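# What the coordinates show
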Amino acid sequence: MSFRSPGSGRVNVRRSRLLLPVIITLVILVAAFLAFTAIWTDVLWYRSVGFSSVYTKQITTRVLLFFSGGLIMVVLLGANVVTAYRLRPAYRPSSAEQQGLDRYRSVVDPHRRIILITVLALIGLLTASAAAGQWRTWLAFLNRQPFGIKDPQFHKDISFFVFTYPLLRIVLDYLFTAVILTFIASLIVHYLYGGVRVQGEGPRVSTAARVHLSVLFGVFVLLKAVAYWFDRWGLAHSERGVVTGPSYTDVNVVLPAKTILAVIALICALMFFATFIRRGAMLPGMAFGLLVLSAILIGGVFPLLIQTFHVKPSEADKESRYIGRNITATRTAYDVNDTRVTDFTPSAKLSPEQAKKETSTLPNVRLLDPAVVSPTYQQLQQIKGFYKFPNPLDIDRYPDPTGGNALRDTIVAVREVDGPPAGRRNWINSHLVYTHGYGFVAAPGNQVDAQGAPAFTEKDIPPTGTLGVTRPQVYFGERSPSYSVVGGGDRELDYPDDKSPTGQHNSSYAGKGGVSIGSLFNRTLYALRFKEKNLLLSGAINSHSRILYDRSPRERVQKAAPWLKVDGNPYPAVVDGKIEWIVDGYTTTGDYPYSERTSFADATRDTNTDSKTRVSVAAQAGDRINYIRNSVKATVDAYDGTVTLYAWDPSDPILKTWMKAFPGTVKPRTAISPALLAHLRYPEDLFKVQRQILASYHVQNPQAYYSGQDFWAVPNDPTGEGALEPPYYLSVKMPDQTTPGFALTSTFVPRGKATNLTAFMAVDSVPTSGTYGQIRILQVPRSQVTPGPEQVQNTFENNPTVSQQLTLLRGPGSRTVSGNLLTLPFGGGFLYVEPVYLQANKGAGSYPLLKRVIVSYGNDIGFGATLEDALDQVLKGGGVTTPTGPPLQSSEDVRAAIDAANKAYGDAQNALAKGDWAAYGEAQKQLKAALDQLAKLRHQSKPTASASPSPPASSGSSTPPVTPTPTPTPGG
């Protein structure tokens, strides 16, 4: 028996009907609040860095494009669907097809409005999102600035191709999409309601449906006519020929063909529209056939025949003019037009007078490799385990502490926080205590102490040194935590302090960086953003607390200037006592006419970006570009996160366009202080892109470029992991200079399998110099074979004397590490310099120490304890001699012991091969005697107190006697 009241069923139904709208409403409200959280916290971030106008302009432009793009699509699609429905025939002949459709209609009709609204909403959202994503193209078009250069084919300013043409293509693609979707939707509606039939007798398409669909197809063909006309300008980016840009076939065949096809498409569109006047399918059918046939014959077959049978047999002559256009445009777009290429015949010998003169002017060559000595900085200056240094380190210039105005190449780094120690990683420690790094470390690149460690000029905690750091806290850095809550009390760890009762020195953030998180509303928003309830519940957060996030220099500059590409290697500098991150920004485009496109990622890839251990140099995105300028120099204050943008290249039209779009966000170049200017340098990623371009485009003769015989390549890093050799910042004296200058350098080898040196490239990197940015290339004659970096490295490793000395230096518990192989113009030739470090194989405390220097000039090699020693061997002795200084003092006795050991080892191997165990045992005795004698001689040659001491025991760098490769025991 049921006791349910008569109305309870209706109540349950009513409740179930109300539940779905309530759930939908709650979902919408939650989604809206989450969207508001993301947007509002971004607004607060932009306000904190003073770039709120950038975000406001982005949001308003996105919203405008979102609603306009979505609304237009919805109106066009909805209007045509409604029109197709209203044009449905009143009578539908009975057939099996119509009976099946009747069942579908019976299901669809009651819900057609809901279905239509849902479909329109989904398509509208997708279209609106795609339109909003084009905000950069829209803003660039609205604020476009002229280049002042016209292309040679269409005689339009370059700005048309960079700013206007991309928008025209986007609009055209949008309209094509709208028409295609509208045609498909209308066709479906006509089919569902009988306007279009597949089966049955009589006309398959009703008159109304035919007119409607013909008009839509006519609009499509009309857009195709416009597209053909636009395609004419698109030939500026054609890749049909040998190079990018209009080729012979493009100019003489494709260009007129596009014009003819545009006219044909216009006529065909009119034929489709004629269905208003003349019924029947003849005109649309003729128009469609004419359009397809002309596109195949005129647009495809004819250009292919001309290219194959007329151009290819004499391509070098036919394409010469157009290759010349490409060369001019490419060199202009990549800013390498003023590159000075000088023929340079390297000398292999120096007279004593020349040697003395050149050595006296030889710059202080940087021997500390930033990619090798990071563990050394880590061990000697880490202080505590919760600090970390980047790898590789950075190179800057600072005054010589011994006096004078000269600047020295200096290896620099900031001591960044690496999180709480193991076992202490909780939310409070990770986000409220270990909030920042502390201190700046610097050492001259050409100087080490007696043990081979960097001779630090800025070091320790609290900081001591010559650079005058007054604000050592690093709250914004490359390794900063994802977010930190600061300023709420003296709980932020500055550094360990033995004098403090707590054993540490704490502080409270007093800067203006970050966002106030004192209010309940802001705490709630950030608790949602970071999905962390402690932000809302923690009692350690008060009205003075601020939250810091998006803290890396690259990330901050990228958000403040979203129209920039950012260099992969920001570097710190001490400017007026403060630590500032310097970040180079680039304006790029892939739409510069006639210019060769390149992958930004591929062009900037080298050992530093590909290595698994070198993580402080970011790899670039794979965008294809054909224009680049270092238009902006940016700084990020390491304490308060302030982002400042400076117009470094104010003549750049793309920079001027974005400065107009975001007024007041970029300061003029004159606002750069002298203290900051001294630390600016030529950026690495720009140099990498330019060297890739110059590997081919140093050839300016079209015929020579076509043959490609003189193309170059960047060599592999001979001491790296198989990737390309990175460029090096060095003090270099070019052949016509009297004093060295700070430069970014690289080398070239012939393209292909050859590894001999073919050119040396350097760019002036002194920002106060009148020749800053001047690229110079020393081109080696092709008839002369000059060793390249890989060949020189191979020579080093296979030189008997060098190999012997390295064997003495190494031991069972240590290994040698090769530093960067530097190439310098010197004495009319090229001098190669490579530092050699010693490092223990095992142990967390292992770190490399500089022990030897190898140099090569001409056919001579020097191997010494210092650069001066090695140079003396090359310039005075003409080859390798025993390096001066312990622990590798050599003598005839040492050489005899080594020879005896090698002979005994050889005898043992021969006896082993013959199975003569008696002879094998005797050889082993001789080998042991030789090794004992060698160990005794080494012990006698240990350094005195006045000599350079051996590395500390923790480094594992003691020098054991030579140990031959182990041999198997008899029967083993």
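For clarity, every value in this text was computed on a predicted model and none was experimentally measured.

### Focus: the pattern of salt bridges
Pairing of side chains with opposite charge becomes possible as their charged atoms draw close. Per the counting criterion, the structure on display carries 24 salt bridges. In this structure, the salt-bridge partner of Lys258 is Asp231, at a minimum N-O distance of 3.5 Å. Taken as a pair, Lys258 in helix 8 (residues 248–273) and Asp231 in helix 7 (residues 207–234) lie far apart in primary sequence, 27 residues in all. No difference in accessibility class separates Lys258 from Asp231, as the two residues are buried. Lys578 is the salt-bridge partner of Glu580, the closest N and O atoms lying 3.9 Å from each other.

### Observations regarding unusual backbone geometry
Residues Asn391 and Pro392 are joined by a peptide bond in cis, for which omega reads 0 degrees. Looking at the secondary structure, you find Pro392 in the loop between strand 2 (387–388) and strand 3 (394–399). The amide bond that connects Ile461 to the next residue, Pro462, takes the cis arrangement and shows omega of -10 degrees. Mapped onto the elements, Pro462 comes out in the loop between strand 8 (458–459) and strand 9 (464–465). Even without glycine at this site, His155 takes up a positive phi of about 60 degrees. By secondary structure assignment, the location of His155 is in the loop between helix 5 (135–142) and helix 6 (158–192). By relative accessible area, His155 is classed as exposed at 53%.

### With respect to the environment of Tyr334
Here Tyr334 is to be found in the loop between helix 10 (315–333) and strand 1 (340–343). In this structure Tyr334 comes out as buried when scored by relative accessible area, which is 0%. With 254 residues separating them along the chain, Tyr334 and Thr588 place their C-alpha atoms 9.6 Å apart. The residues contacting Tyr334, other than those within four sequence positions of it, are Ser595, Glu596, Arg597, Thr598, Ile625, Asn626, Tyr627, Ile628, Arg629, Val689, Gln690 and Ile693.

### Describing the packing of aromatic side chains
Summed over the entire model, instances satisfying the criterion amount to 47 aromatic pairs. A centroid spacing of 6.5 Å and a plane angle of 45 degrees characterise the contact between Phe160 and Tyr165, whose relative ring orientation is tilted. For Phe160, a relative accessible area of 14% gives the class buried. With a centroid separation of 5.5 Å and 25 degrees between ring planes, the pair formed by Phe230 and Trp233 is classed as stacked. Of this pair, Phe230 and Trp233 both sit in helix 7, three residues apart, roughly one helical turn. On the basis of relative accessibility, which here comes to 13%, the residue Phe230 falls in the buried class. Assessed through its relative accessible area of 13%, Trp233 is described here as buried.

### With respect to helix 5
Those residues of helix 5 that fall on the buried side of the exposure criterion are Trp135, Thr137, Leu139, Ala140 and Phe141. On its buried face, helix 5 is in contact with helix 2 (52–86), helix 4 (112–132), helix 6 and helix 19 (653–661).

Here is what the cut-offs are and how they apply
Each chain has its residues counted from 1, following the order in which its sequence is written. Totals for whole chains, interfaces and linings use all residues, but because this is a predicted model, local features are given only for residues with pLDDT of at least 70 and pairs of side-chain atoms are given and counted only at 80 or more. Note: side-chain values were computed over all heavy atoms of the structure, leaving out hydrogens and water. Salt bridges, as used here, are contacts in which a Lys or Arg side-chain nitrogen is within 4 Å of a carboxyl oxygen on Asp or Glu. In this description a helix means any DSSP run of H or I spanning at least four residues, a strand means any run of E spanning at least two, and both kinds are numbered starting from the N terminus. Burial classes: relative accessible area under 20% of the type maximum marks a residue as buried, over 50% as exposed, and values in between as partly exposed (1.4 Å probe, protein chains only). Note on contacts: a residue pair qualifies if any of its non-hydrogen atoms lie within 4.5 Å across the two residues. Within 6.5 Å between ring centres, the rings of Phe, Tyr and Trp (the latter by its six-membered ring) count as paired, and their orientation is classed by plane angle as stacked under 30 degrees, edge-to-face over 60, tilted in between.

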